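For reference, the chains in residue letters:
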Amino acid sequence: MSERPESVPAAPSVAPGEPQQVEKESRGQLIWREIKGLFWVLLAVLAFHSFIAKPFYIPSESMMPNLLTGDRLVVSKYPYGWSYVSPTIPNPAAIVRNLLLGSGEPWSITLPFSKGRVMGSLPERGDVVIVTPPGGNQDYIKRVIGLPGDTIELRDGRLIINGKAVHAEPRAPAMIPVDANSPCGMHQFWGRRVETEQGPFCRLPIVRETLPNGVTYDTVDDGRSQGDDYPPVHVPAGHLFLMGDNRDHSADSRFSLEEQGLGGPVPWENIGGRAEFITFSLDGTTGLNPMTWLSSFRDGRAGTSLRPPRE
């Protein structure tokens, strides 16, 4: 006896145009999934930049000889806790203006001032930190010189803390290779360029300072400047006195906000993080041609620690 074949369900009828609609929905879902994935990646990057660490670019010569224009750093956010300057909030309009017009304005938004820090701790004397000037939104990088309760003074370029001159020792000149980012004479250091068999160098006079806690670092002493004499200033509670290592060419706590300085001791809430090490450094010759990218890297700077040694 033959078996009856099982009935096969009929395929559902499909009206004209429905397959195209299903295809469109699948493509839309795929696009939406990609958008959500990119959103979570961006959120994770911003959270990492806000709470853990972020990259930082050295735009000026104020921290020579230790930092050069074109150095790229890692700045850790957590050593001093978090404050209103910690979050990284992109400013899309500023980013577009920078890319199209080269406006040079900050790419992120700074929140309104808020007193206090979360899990806060004071920097140590000698730390290299990033700081946002009061009322501003652009990061500077300076060295912590004065802590709360200190009295800071300069006489003839010599640093005095709490009435005692900081030990200062002249050292051999620093020989900085001349390149597009370190032109040696365009804005400063006139007459300091020397020609050698290895090429042109900027010969900078160096004075090594040793702070009361034993931290040592080199400064550039290029001669008389407006900041060489600074009357005694008391550092209030919750404030820090910051200076650049390039003493005669640094807008720091010695200068007013109108002079592009920090306006005296700055609130510790304005400290955004601690500089840790140099990731790489560019000499300013990078162009659109990829062939220029490798040749623009400076030798010997990647991996340099920015944590000051102690005697």
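Residues numbered from 1 in each chain as written. Predicted model: local features only at pLDDT ≥ 70, side-chain atom pairs only at ≥ 80, totals over all residues. Heavy atoms only, no water.

### Observations regarding the nonpolar core
Generally speaking, a soluble globular protein has its nonpolar side chains buried in company with each other. Counted only if it meets this: Nonpolar core, defined: a set of buried Ala, Val, Leu, Ile, Met, Phe, Trp, Tyr and Cys residues in which side-chain atoms within 4.5 Å join the residues together. Residue exposure (1.4 Å probe, protein chains only): buried if accessible area is under 20% of the type maximum, exposed if over 50%, otherwise partly exposed. What counts as a helix is a DSSP run of H or I of at least four residues, what counts as a strand is a run of E of at least two, and both are numbered from the N terminus. Contacts are assigned to residue pairs that have any heavy atoms within 4.5 Å of one another.
Of all hydrophobic cores here, the largest spans 14 residues; its most connected members are Ile145, Ile152, Leu159, Ile161 and Leu211. Sorting the residues of this core by element identifies β7 (151-155), β8 (158-161), β14 (230-234) and β15 (239-243) as the ones contributing at least two each. Non-local contacts of isoleucine 152, meaning those with residues more than four positions away in its chain, are made with Ile145, Gly146, Leu159, Ile160, Ile161, Tyr230, Pro231, Pro232, Val233, Val235 and Phe241.

### A short note on the pairing of β8
To keep it simple, the criterion reads: Two strands pair if DSSP finds at least two bridges between them.
Here 4 bridges tie β7 to β8, and the two strands are oriented antiparallel to one another. Along β8, the bridge assignment pairs leucine 154 with leucine 159. Between β7 and β8, which pair antiparallel and follow one another directly, the connecting turn spans 2 residues, one of which, aspartate 156, has a positive phi of 50°. Direction of pairing for β8 relative to strand β9 (residues 164-165): antiparallel, over a ladder of 2 bridges. Paired with isoleucine 161 across the bridge in β9 is lysine 164. Taking the residues that link successive antiparallel strands as the turn, the β8-β9 hairpin has 2 residues, and the phi of asparagine 162 there is positive, at about 55°.

### Re the sheet that holds strand β5 (residues 128-131)
Judged by pairing direction, the sheet is antiparallel, and its 7 strands sit side by side in the order β1-β2-β17-β5-β6-β15-β16 without closing on themselves. At either end of the open sheet lies a strand with only one pairing partner, and these are β1 (53-57) and β16 (266-267). Bridge analysis of β5 against strand β17 (residues 271-281) gives 3 bridges, and the strand direction is antiparallel. The partner of valine 131 across the bridge, within β17, is isoleucine 271.

### Considerations on the confidence of the model for the protein chain
Worth spelling out the cut-off: Each residue carries a pLDDT score, the predictor's own confidence in it, on a scale running from 0 to 100.
Mean pLDDT for the protein chain: 88, with 90% of residues reaching 70 or above. When the criterion is pLDDT under 50, residues 1-5 qualifies, and its contacts beyond four places in sequence or with other chains add up to 0 contacts.

### Examining the state of the cysteines
As a reminder of what qualifies: Counting rule for disulfides: a pair of cysteine sulfur atoms within 2.5 Å.
For the coordinates displayed, the defined rule picks out 1 disulfide. The disulfide that involves cysteine 184 links it to cysteine 202, with 2.0 Å between the sulfurs. Taking the torsion about the sulfur-sulfur bond, which here is approximately 75°, the covalent link between cysteine 184 and cysteine 202 counts as right-handed. Separated by 18 residues along the polypeptide, cysteine 184 in the loop between β10 (167-177) and β11 (193-196) and cysteine 202 in strand β12 (residues 199-210) bring together distant segments of the chain. For cysteine 184, a relative accessible area of 9% translates into the label buried. Overall, the relative accessible area of 3% leaves cysteine 202 in the buried class.

### Examining the packing of aromatic side chains
This is how it is decided: Planes of paired rings set the category: under 30 degrees apart is stacked, over 60 is edge-to-face and the rest tilted, where pairs are Phe, Tyr or Trp rings (Trp by its six-membered ring) whose centres lie within 6.5 Å. Charge-over-ring placement is defined geometrically: NZ (Lys) or CZ (Arg) within 6 Å of the ring centre, and within 35 degrees of the ring normal.
With the rule as written, the count across this model stands at 5 aromatic pairs. When the centroid spacing of 5.2 Å and the interplanar angle of 70° are considered together, the rings of phenylalanine 39 and tryptophan 40 count as edge-to-face. Classification of phenylalanine 39 by relative accessible area gives partly exposed; the value is 46%. Taking relative accessible area as the criterion, tryptophan 40 reaches 56% and is therefore assigned exposed. Here phenylalanine 280 and phenylalanine 297 contribute two aromatic rings whose centre-to-centre distance is 5.6 Å and whose plane-to-plane angle is 50°, an arrangement assigned as tilted. Pair noted here: phenylalanine 280 is in strand β17 and phenylalanine 297 is in the segment after α3 (291-295), with a separation of 17 residues, a long-range link. Here phenylalanine 297 falls in the partly exposed class, since its relative accessible area comes to 37%. The positively charged end of arginine 117 is found above the aromatic ring belonging to tryptophan 268, 5.7 Å away from the centroid.

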